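Here is what each chain is made of, one letter per residue.
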Amino acid sequence: MTDRYAVIGHPVAHSKSPLIHGLFAQATGQDMHYGLIDAGPAPGAFAGALAAFRAAGGRGMNVTLPFKLEALAAADVASADARLAGAANALRFEGDRVEAQNFDGLGLVRDIEVNMGLPLAGRHVLLLGAGGATRGALLPLARAGAARIHIANRTAAKADALAAELAPHMRDCALSGGGLDTLVPGEVFDVVLNATSASLDGDTLPVPASAFAPGALAYEMMYGQGLTPFLNLAKAAGCARLADGVGMLVEQAAEAFAWWRGVRPDTRAVLARLAVPLA
């Protein structure tokens, strides 16, 4: 019997998840079907769609905006990463139990370290934005050995509050927060990650060119948009290593696939298919 999985969100028609998981299933010989569920904007829509999918025999879901918070709340069991991120991007159904995970940060770290060959141990990381994408990235970055992470946000108080909340969980990684306008001139970072929505609006963030260390990686968490304003800013600052979030997307999908199916697919062919030139 074919096992059923899906991605749920609103809107969700643009999602690459059915393509990605379809290719993974084909490559690993898994008997599964992966679909799209647009739950719509009505209050309670997510809970209703979740219940209907489970009743129809669904085995698991990826969760995208705007339902990641509701997905965590619906879980009976959640991983530490999901709890501390305050959101879940993957669900698994085991009998009457709903299990939740957040694989976004793991996908990001694997993309940087494995696909790009850049170990994060000892690195200084600048994270732009203090929303859900940043929350999901912090612990995996710290576990990978980042020496310091600074969160810079338009609203400094939000970055400060997030740093204060998660600092006790960061072990040997120094965590700080502040406003985008308070970045210290001359302070450099080995990895600069844009987790804001600025590029969606065509906005350029006020990041000084001096923030990019020689050989730094500039990473846009959006994907498929080519040279975004953030990547153009990094390029103009002399940053030669540019990346978008397609690798993060594929690697977090591979983590969910392995959690569901017990086998982790090779991601190289899917990455090559989805990559957009950054030039």
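Everything here concerns the structure above.
Residues numbered from 1 in each chain as written. Predicted model: local features only at pLDDT ≥ 70, side-chain atom pairs only at ≥ 80, totals over all residues. Heavy atoms only, no water.

### Side note on the layout of surface pockets
What counts here: The distinction between a cavity and a pocket rests on a 1 Å grid over the protein atoms alone: a 1.4 Å probe fits inside a cavity but cannot get out, while a pocket stays open yet meets protein on both sides within 12 Å along at least five of seven lines, and a residue with an atom within 4 Å of a point counts as lining. Grid points are joined across faces, edges and corners, and a volume is the space filled by probe spheres set on the points. Strands here are runs of E lasting at least two residues and helices are runs of H or I lasting at least four, both read from the DSSP assignment and numbered beginning at the N terminus. Three classes are used: nonpolar for Ala, Val, Leu, Ile, Met, Phe, Trp, Tyr, Cys and Pro, charged for Asp, Glu, Lys and Arg, and polar for all others, with Gly counted as polar.
Volume-wise, the largest pocket comes out at about 1,400 Å³. Mapped by element, the contributors of at least two residues to the lining of the largest pocket are strand 3 (58–63), helix 3 (68–74), helix 6 (132–143) and helix 9 (246–261). Of the residues forming the lining of the largest pocket, the biggest block, four residues, is contributed by helix 6. Of the residues assigned to the lining of the largest pocket, the class counts are 20 nonpolar, 20 polar and eight charged. Here the second largest pocket defines a volume of roughly 160 Å³. In terms of lining, the second largest pocket is formed by Leu139, Ala142, Arg143, Gly145, Ala146, Ala147, His169, Met170, Arg171, Asp172 and Cys173. Here the residues of the lining of the second largest pocket sort into six nonpolar, two polar and three charged.

### Considering the side chain of glutamate 251
What counts is decided by this rule: Pairs of N or O atoms within 3.5 Å make up the polar contacts considered here, provided that, within protein, one atom can donate a hydrogen while the other can accept it, and that residues adjacent in sequence are counted only when both atoms are side-chain atoms. Two residues qualify as a contact provided that any one of their heavy atoms is within 4.5 Å of a heavy atom in the partner residue.
Of note, glutamate 251 is situated in helix 9. One polar contact links glutamate 251 to arginine 264, side chain to side chain, over a distance of 2.9 Å. With residues near it in sequence (within four places) discarded, glutamate 251 still touches Gly107, Arg110, Asp111, Asn115, Arg264, Thr267 and Leu271.

### Here's the deal with the environment of alanine 174
Keep this limit in mind: Residue exposure (1.4 Å probe, protein chains only): buried if accessible area is under 20% of the type maximum, exposed if over 50%, otherwise partly exposed.
On the secondary structure map, alanine 174 appears in strand 9 (residues 174–179). For alanine 174, a relative accessible area of 41% corresponds to the partly exposed category. The spacing of alanine 174 and histidine 150 is 24 residues in sequence and 8.2 Å in space, taken between C-alpha atoms. Once residues lying within four places of it in the same chain are set aside, the contact partners of alanine 174 are Ala147, Arg148 and Ile149.

### What about the packing of aromatic side chains?
Definition in use: Here a pair means two rings of Phe, Tyr or Trp (six-membered ring of Trp) with centres within 6.5 Å. Their orientation is stacked below 30 degrees between planes, edge-to-face above 60, and tilted elsewhere.
Taken as a whole and judged by the stated rule, the model has six aromatic pairs. Taking 6.4 Å as the distance between ring centres and 65° as the angle between the ring planes, the aromatic pair formed by phenylalanine 53 and phenylalanine 93 counts as edge-to-face. Within this pair, whereas phenylalanine 53 is found in helix 2 (residues 45–55), its partner phenylalanine 93 is found in strand 5 (residues 90–94), the two being separated by 40 residues in sequence. With a relative accessible area of 4%, phenylalanine 53 lands in the buried category. By relative accessible area, which is 7% here, phenylalanine 93 ends up buried. Through a chain of ring-to-ring contacts, the aromatic side chains of Tyr5, Tyr34 and Trp260 assemble into a single cluster.

Any functional reading would require information that these geometric values do not contain.
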